[in-house]
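Summary of the model geometry
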Amino acid sequence: MNFIEEFRNSQSGRTLLEYINKRSTKPARFMEFCGGHTVAIFRYGIRQLLPPHIEMLSGPGCPVCVTSTADLDKVIALSRLTEVIICSFGDLLRVPSSRQSLLEVRAEGADVRIVYSTMDALEIARQNPAKKVIFVGIGFETTAPTIAASVIQARNQGLDNYYVMSLHKITPPVMRAILDAGETRLSGIICPGHVSSITGSNAWEFIPKDYHLACAVSGFESLDILYCVKSLVDQVEDKTPRLDVSYSRAVKPEGNLAALKIMDEVFDICPANWRGIGILPESGLCLKPEFAAFDAEKNFEIKLSEPSRETPGCLCGEIIKGTRTPLECKLFSKVCTPENPVGPCMVSSEGTCAAYYHYGGKLG
Amino acid sequence: MDKTKILLAHGSGGRLTHDLISKYLVQSLSNPLLNKLDDAAVFKTGGNMAFTTDSYVVSPIFFPGGNIGKLAVCGTVNDLSVMGAVPKYLSLSFIIEEGLDITVLEKIIQSIAAAAKEAGVEIVTGDTKVVNIGKADKIFINTAGVGFIPEELDISGSNAQPGDAVIVSGTMGDHGIAIMAQREGLNFKIAVESDCAPLNGLIADMLKACPRIHVMRDPTRGGLATTLNEIAAQSQVGIELDEESIPVKPAVGGACDALGLDPLYVANEGKLIAILPEEFAPKVLSAMKAHPYGVDSAVIGRVTAKNPSRVSIRTPLGALRILDMQSGELLPRIC
């Protein structure tokens, strides 16, 4: 089986769209949790092919976007230490903190490097024994296992100059927080695909059970998403919310046990600071005490010269929760553009504002 | 004793520079204008002349399907050719990092000689500088070129007309993906080679089939999407593409999926876009398909009066969405 083309077949896609357009009668508002889904929905042009009474809202599933300014300020402070090399995934470098982005600090002489995997950061630590290498761990359950693996490898190899600044977040608690806040009246959720491949689809059972909302776990091809929307429409029309999975080729009910095990070995669950939402209990991952030697927060004194502040006017925090859309932001596409981003939602390739900017323009 | 590494002295203008030029450059690239070794090449001109320059800083300097030397010739030849010019003379300047293996330089020069021969151009003047370790990354190359444009041609990015057909000469994104697959840190192996090639032969065949080609461009950095946006803005027209008709190799599509890239934004170094009156499209397309560098050519869209300065794309599901310019991506140096 071809794992991509099979799920992009345009004829099957049109058939699903016909079904959705016939079947859907009730106004519905669906949130795609994941930024990857937002981008895919725009790229395939799915929004404009759905019935006008179905609204698609973007959710908090963009790791760069949900990183709080306060946490970014700490990373910037660390990057100014002369003995430190900061390693991070690319997108984070361009996100403005209270005052500067990592790219700007790098231009002033800080040693900030883009890596594609934690193993690259370990290699940099090995090659620079006189330096202290700090990997800025952002992301959800998808990237956390690789960071856990790097910490274990550093311990096994006796590396004493490798640290992790763990800003990892776990996704079910933020989903609950958004549903509990009730600021957005949702009819159904498109649950994340890659995250679910680690957590397992069972992680989302609370959505139909506790909130009586439709939900389905989706992959990222056009048919994955259309099948999910069809399932959500069926659930809404029949008033039978349940957990559906259209991405069973990657997602098992119980998840990836090896990945979950290594996360459990290295991380404790702790509170985390979410942009726009604030500190949520039990929604982050921090290093266990036995790995304290690798914990950047425990080994460096992080001094902030001034208190953190959000950029005035930036609606990223609201957009992440689905309470506002980029089009309601006064900065969007005028002051805030991909070349000159004000907020993280415009920086990240998975950010909602970037997706609206690139794909959302009106055509005659 | 023969040196094995490039030294600062190789760029100082003294004996080592002289040896380098005579032993490696003049021997491989020999032609009457170069061989004179005067301060400038002198030649006769007449009619419309095209003149262009480009610097090449690709990393890694050797990649599947080519190297920085071949790229430096093909890139400049293609920039001249897409204007309808017959490329004739190139300059060649090296900025070399001290310590480069001379055998590496030799290989690069051989590639330059081979590419120049294929394209039918002569390297008639040049320069070599050597900088301290760390001041350059192995080798940077600049080439400039001149070519001559037949009177009857009028090809420019501002000539696209509503109703014109948009044609590409083959699969999109091969060069960029071949480079990225080679990069340190990206440990995936795929069987994709750079498409780096001189396109003047293909273009000559196209112009024989239809001298009234309105626009030709090579979609290098920024890929097809960015180049078409530039043309749409220059010509004040809309361009509407059909996503399913754009040729992309399955391996390139797969690698792009894995890296979160869109092949329509990935660089090409041996492909061109042609925009021409629709009635000539079948004839030009068959001429292109008959050339080795155009076998995968396809009509991918049309020029519209609607949505001026905008490029849009019809998705396989039937939606029409904007295809924006590339902006602010963190990509490796690819050309």
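Residues numbered from 1 in each chain as written. Chains lettered and ligands numbered in written order. Predicted model: local features only at pLDDT ≥ 70, side-chain atom pairs only at ≥ 80, totals over all residues.

As recorded in an unreviewed UniProt entry, chain B goes by the name [Ni/Fe] hydrogenase metallocenter assembly protein HypE, listed as coming from Dehalococcoides mccartyi.

**Overview of the domain arrangement of chain B**
Residue and element names in this part refer to chain B. Split by domain assignment, chain B resolves into domain 1 (8–149) and domain 2 (165–322). Using only C-alpha atoms to locate each centre, domain 1 and domain 2 end up separated by 27 Å. Across the contact, 22 residues belong to domain 1 and 19 residues belong to domain 2. Elements with a contribution of two residues or more to the side of domain 1 that touches domain 2: α3 (68–81), β4 (86–97) and α4 (102–119). A total of nine residues in the side of domain 1 that touches domain 2 trace back to one element, the largest contributor, which is α3. Tallied by class, residues from the side of domain 1 that touches domain 2 come to 13 nonpolar, six polar and three charged. (Domains from an automatic or database assignment. Contact = placed C-beta atoms within 7 Å. Helix = DSSP H or I, 4+ residues; strand = E, 2+ residues; numbered from the N terminus. Nonpolar A, V, L, I, M, F, W, Y, C, P; charged D, E, K, R; others polar.)

**Focus: the interface of chain A and chain B**
Taken residue by residue, the interface counts 26 residues in chain A and 21 residues in chain B. At the level of secondary structure, the elements contributing two or more residues to the side of chain A that touches chain B comprise α1 (10–23), α2 (35–44) and α16 (352–359) of chain A. Broken down by element, the residue count for the side of chain A that touches chain B peaks at four residues, all from α1 of chain A. Residue composition of the side of chain A that touches chain B, by class: 12 nonpolar, 10 polar and four charged.

**A closer look at α16 of chain A**
Most of α16 of chain A sits out of view: eight of its eight residues are buried. Listed as buried for α16 of chain A are Thr352, Cys353, Ala354, Ala355, Tyr356, Tyr357, His358 and Tyr359 of chain A. (Buried ≥ 20, exposed ≤ 12 C-beta atoms within 10 Å, placed from the backbone.)

**Considering α1 of chain A**
Residues and elements named next belong to chain A. In this model, α1 (14 residues) spans 20 Å end to end at C-alpha, consistent with the 20 Å of a helix rising 1.5 Å per residue. When we look at burial in α1, the residues that qualify are Gly13, Leu16, Leu17 and Ile20. Buried residues along α1 cover an arc of 100° about the axis, so they all sit on one side. Facing away from the buried side of α1, by more than 90 degrees, are the exposed residues Gln11, Glu18 and Lys22. Buried residues along α1 sit in contact with α11 (222–238). (Expected span 1.5 Å × (residues − 1). Arc of directions from axis to C-beta.)

**Quick notes on the pairing of β4 of chain B**
Residues and elements named next belong to chain B. Two strands pair when backbone bridges link them, and β4 and strand β6 (residues 139–149) are joined in this way by 10 bridges, in the antiparallel orientation. Opposite Pro87, over in β6, you have Gly147 as the bridge partner. As defined by bridge partners, β4 adjoins strand β5 (residues 122–131) across nine bridges and the pair is classed as parallel. Of the residues in β5, the one forming a bridge with Glu97 is Val131. The parallel pair β4 and β5 is bridged by α4, and the resulting crossover is right-handed. (Pairing = 2+ DSSP bridges. Right-handed = clockwise from strand over helix to strand, strands pointing away.)

**Thoughts on the environment of Ser201 of chain A**
All names here are of chain A. By secondary structure assignment, the location of Ser201 is in the loop between α9 (194–199) and α10 (206–211). In this structure Ser201 comes out as buried when scored by C-beta crowding, with 22 C-beta atoms within 10 Å. In this structure the C-alpha to C-alpha distance between Ser201 and Tyr247, which are 46 residues apart in sequence, comes to 9.6 Å. Not counting residues within four places of it along the chain, the set of residues in contact with Ser201 comprises Ser196, Val217, Leu243, Val245, Val251 and Pro253.

**Here's the deal with the sheet that holds strand β8 (residues 188–191) of chain A**
All names here are of chain A. Read from one edge of the open sheet, five strands run β2-β1-β8-β9-β10, paired in parallel fashion. Both edges of this open sheet fall to β2 (54–61) and β10 (243–245), since each of them pairs with a single strand only. In this sheet, adjacent strand axes meet at a mean angle of 20° when their direction is disregarded. Taken together, the six bridges between strand β1 (residues 28–34) and β2 define a ladder with parallel strand orientation. Within the sheet, the bridge partner assigned to Arg29 lies in β2 and is Glu55. In this fold α11 packs onto β1, β8, β9 (214–217) and β10, with an angle of close to 160° to the strand it touches most, β9. (Axes fitted to C-alpha atoms, helices over the stretch in contact; angles between N-to-C directions.)

**Brief notes about the sheet that holds strand β11 (residues 267–274) of chain A**
Residues and elements named next belong to chain A. What the three strands build is an open sheet, ordered β7-β12-β11; its pairing is antiparallel. On the outer flanks of this sheet lie β7 (168–169) and β11, each paired with one strand and no other. Pairing of β7 with strand β12 (residues 278–287), which is carried by two bridges, proceeds in the antiparallel orientation. Looking across to β12, one finds that His168 is bridged to Leu285.

**Regarding the confidence of the model for chain B**
When the pLDDT values of chain B are averaged, the result is 92; 95% of them are 70 or greater. Two summary scores accompany this predicted model of the complex, namely pTM at 0.87 and ipTM at 0.82. (pLDDT = per-residue confidence, 0-100.)

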